[in-house]
Amino acid sequence: PPWNARRPDPRMPPLRPDNLEDGTVLLRSSLLERCGFRHAFSTAVGPEGTGFDLSPADGSPVETPKDRLARNLASFVAAVSPHGVLATARQVHGTRLVDARRAGTASADLVASHDPDFIAAVRTADCVPILLGCRRRGEVVAIHAGWRGLVADAPGIGVRHLLEAGSETEDLVAAIGPAIG
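This text gives an overview of the structure that appears in the document. Only a predicted model underlies this, so the values are computations on that prediction, with no experimental measurement involved.

Taking 1.5 Å per residue as the helical rise, helix H2 (residues 66–80) with its 15 residues ought to reach 21 Å, and the 21 Å between its terminal C-alpha atoms agrees with that figure. Among all positions of H2, only Leu69, Asn72, Phe76, Val77 and Val80 are buried. Relative to the axis of H2, the buried residues are bounded by an arc of 130° and lie together on one face.

Quick look at the structure:
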């Protein structure tokens with residue numbers, strides 16, 4: 001069958017839409033929710049159907065005004081964790097992993113967090129966002145996986161990080177976010 005006609009893998013439940021009061025559409029993993037992880041994947045649908053750009057304030061590729069970027073970011077963070085701080089690094093299509101508390105000044109494509117108030121996050125366009133978590137320890141790793149990261153085993157690096165930090169394989173869960181293709 002064509003690639004898009006395959007049945008979904010039942011071990012990887014689909015993401016479900018979560019419509020915020022202002023019309024913003026986020027996607028959530030029922031698996032990660034059942035395991036207690038506060039999370040969301042953004043979509044392009046923002047308040048009142050406008051575009052939902054979460055680019056850094058200094059670099060929107062679609063020239064979204066800075067005040068709107070700030071509102072979008074605040075809305076996203078509030079939807080994930082009311083007291084949270086978004087922790088994302090400057091992504092370079094590599095495999096470096098950084099702790100969320102130091103992500104803001106780092107160049108990395110994997111962000112790990114053991115603190116629920118630090119939201120480990122990556123930004124993607126045509127790359128694949130992956131969120132790994134250890135349900136026993138509560139640690140997460142957000143992975144920005146483009147083709148270079150996949151070839152260099154960025155997901156494996158995230159898994160090894162969790163295992164080396166004390167997680168057991170059976171405690172790991174994952175969600176793959178939306179990607180262009």
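Resuming the write-up.
What follows covers the pairing of strand E6 (residues 110–113). By the alternation rule, side chains of E6 split into Leu110 and Ala112 and Val111 and Ser113, which are all buried. Alignment of strand E5 (residues 97–99) against E6, held across 3 bridges, turns out to be parallel. Counted as the bridge partner of leucine 97 is leucine 110 from E6.

Turning our eyes to something else, we now look at the sheet that holds strand E3 (residues 41–42). Taken together, the 3 strands give an open sheet; going across it, the order is E1-E2-E3, and neighbouring strands pair in antiparallel fashion. Only two strands of the sheet have a single neighbouring strand rather than two, namely strand E1 (15–19) and E3. Bridging between strand E2 (residues 25–29) and E3 involves 2 bridges; their strand directions are antiparallel. Across the sheet, the residue bridging to leucine 26 is serine 42, located in E3.

For the rest of this paragraph, the subject is the environment of aspartate 22. Examined against the element boundaries, aspartate 22 turns out to sit in the loop between E1 and E2. Along the chain, aspartate 22 and serine 107 lie 85 residues apart, while their C-alpha atoms are 33 Å from each other.

For helix H4 (residues 154–164), the set of buried residues is Ala154, Gly156, Gly158 and Leu162. On the buried face of H4, the contacting elements are E6, strand E8 (128–134), strand E9 (140–145), helix H3 (147–151) and strand E10 (172–176).

Of note, valine 140 is situated in strand E9. A C-alpha to C-alpha distance of 9.9 Å links valine 140 and valine 159, two positions 19 residues apart in sequence. For valine 140, the contacting residues outside a window of four places in its chain are Phe37, Val111, Ala112, Ser113, Ala120, Leu131, Leu132 and Gly133.

So, on to the nonpolar core. Core analysis: the biggest nonpolar cluster contains 21 residues, and Ala89, Val98 and Val111 have the highest contact counts within it. For this core, the secondary structure elements donating two or more residues are helix H1 (30–34), E9 and E10. Grouped together as the second largest cluster of nonpolar side chains are 10 residues, Val128, Ile130, Ala145 and Ala154 included.

With that settled, the discussion passes to the state of the cysteines. All told, the structure shown has 0 disulfides when counted by the stated rule. Unpaired in terms of disulfides, cysteine 134 finds its nearest cysteine sulfur in cysteine 35, a separation of 9.7 Å.

Position of threonine 43 among the secondary structure elements: in the loop between E3 and H2. Among the polar contacts made by the side chain of threonine 43, one reaches the main-chain amide nitrogen of valine 45 at a distance of 3.1 Å. Those residues in contact with threonine 43 that lie beyond four places of it in its chain are Val25, Leu26, Leu27 and Phe52.

With that settled, the discussion passes to unusual backbone geometry. Unusually for a residue other than glycine, glutamate 63 sits at a positive phi of about 60°. Residue placement: glutamate 63 occurs in the loop between E3 and H2. Given the relative accessible area of 71%, glutamate 63 is considered exposed. A positive phi angle is found at histidine 93, which is not glycine, with a value near 60°. Locating histidine 93 in the fold gives a position in the loop between strand E4 (85–87) and E5. According to the relative accessible area criterion, histidine 93 is partly exposed, its value standing at 37%.

On to the environment of valine 159, then. With respect to the helices and strands, valine 159 occurs in helix H4. Each C-alpha atom of the pair valine 159 and valine 173 lies 9.8 Å from the other, and the pair is 14 residues apart in sequence. Aside from chain neighbours lying at most four places away, what touches valine 159 is Leu132 and Leu172.

The rules behind each value
Residues numbered from 1 in each chain as written. Predicted model: local features only at pLDDT ≥ 70, side-chain atom pairs only at ≥ 80, totals over all residues. Heavy atoms only, no water. Helix = DSSP H or I, 4+ residues; strand = E, 2+ residues; numbered from the N terminus. Expected span 1.5 Å × (residues − 1). Buried < 20%, exposed > 50% of the residue type's maximum accessible area, 1.4 Å probe, protein only. Arc of directions from axis to C-beta. Pairing = 2+ DSSP bridges. Contact = heavy atoms within 4.5 Å. Core = buried A, V, L, I, M, F, W, Y, C linked by side-chain atoms within 4.5 Å. Disulfide = S-S within 2.5 Å. Polar contact = N/O pair within 3.5 Å; in protein donor to acceptor, adjacent residues only side chain to side chain.

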